[in-house]
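In case you want the letters, here they are:
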Amino acid sequence: MAKHNKYLEQYSNGFENIAIELGDLRYDSLAEFLELLSLKLHKDSLADKERNRIKLSTELLEASKRLKEASENIDSAWTICKPYMDV
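Cut-offs applied
Starting from 1, residues in each chain are numbered consecutively following that chain's sequence as written. Residue-level local features of this predicted model are given only where pLDDT is at least 70; pairs of side-chain atoms are given and counted only at 80 or more, and the full residue set underlies all totals for whole chains, interfaces and linings. Note that water and hydrogens are dropped before the side-chain values are worked out from all heavy atoms of the structure. The secondary structure listing takes helices from DSSP runs of H or I that are at least 4 residues long and strands from runs of E that are at least 2 residues long, numbered from the N terminus. Given the number of residues in a helix, its expected span is that number minus one, multiplied by 1.5 Å. Buried residues are those whose accessible area, probed at 1.4 Å on protein chains only, stays under 20% of the maximum for their type, while exposed residues exceed 50% and partly exposed ones sit between those limits. By definition in these notes, contact holds between two residues if any of their heavy atoms fall within 4.5 Å. Between N-to-C directions, angles span 0 to 180 degrees; the directions come from axes that are lines fitted to C-alpha atoms, helices contributing only their stretch in contact. An angle below 35 degrees is read as roughly parallel, one above 145 as roughly antiparallel, one from 65 to 115 as roughly perpendicular, and any other as oblique. For any pair of crossing helices, the crossing counts as left-handed if the nearer helix is rotated counterclockwise from the farther one by less than a right angle, and right-handed if it is rotated clockwise. Under the grouping applied here, Gly and all other residues not named as nonpolar or charged are polar, the nonpolar ones being Ala, Val, Leu, Ile, Met, Phe, Trp, Tyr, Cys and Pro and the charged ones Asp, Glu, Lys and Arg.

What follows covers helix α2 (residues 27–50). The periodicity of an α-helix, 3.6 residues per turn, causes residues three or four positions apart to be oriented the same way. Helix length check: α2 (24 residues) gives 35 Å between terminal C-alpha atoms against 34 Å at 1.5 Å per residue, within 8%. Restricting attention to buried positions, one finds in α2 the residues Leu 30, Ala 31, Leu 34, Ser 38, Leu 41, Ser 45 and Asp 48. Of the surrounding elements, those touching the buried residues of α2 are α1 (15–23) and α3 (54–81). Backbone geometry just after α2 places Asn 52 at a positive phi near 65 degrees.

Shown next as structure tokens:
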């Protein structure tokens, strides 16, 4: 069985600091990150479905969908902000 880490190996500053740093990203970059995380959870959902872990698969799929929606919302925020930013 693959090991799931409790913490990010290359980031020892804690989740609160990670959340702050992610929140301080430009919105286009944050949207991209959320999209990639959504895709990862979707992939995990499919793998768990193949293993007949239906409840887990369903929850991961729902989380994936919500992260995709969040990515789309943040991308919309980027569209609003972009004209006012020095990019």
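This part takes up the environment of Ser 38. Looking at the secondary structure, you find Ser 38 in helix α2. Accessibility expressed as a relative area gives 4% for Ser 38, which makes it buried. Note: C-alpha distance between Ser 38 and Glu 69 (31 residues apart in sequence) is 9.2 Å. Dropping the residues within four chain positions of it, Ser 38 is found in contact with Ser 64, Leu 67 and Lys 68.

Outside of glycine, negative phi angles account for most residues, and trans bonds account for most peptide bonds. One non-glycine residue, Asn 52, lies in the positive phi region at around 65 degrees. Note that Asn 52 resides in the loop between α2 and α3.

Moving on, we get to the packing of α2 against α3. Two elements in contact, α2 and α3, have axes separated by 8 Å at closest approach and are oriented at 165 degrees. Taken as axis vectors, α2 and α3 run roughly antiparallel relative to one another. For the pair α2 and α3, the crossing hand works out as left-handed. Classifying every residue of the contact of α2 with α3 by side-chain character gives 17 nonpolar, six polar and seven charged.

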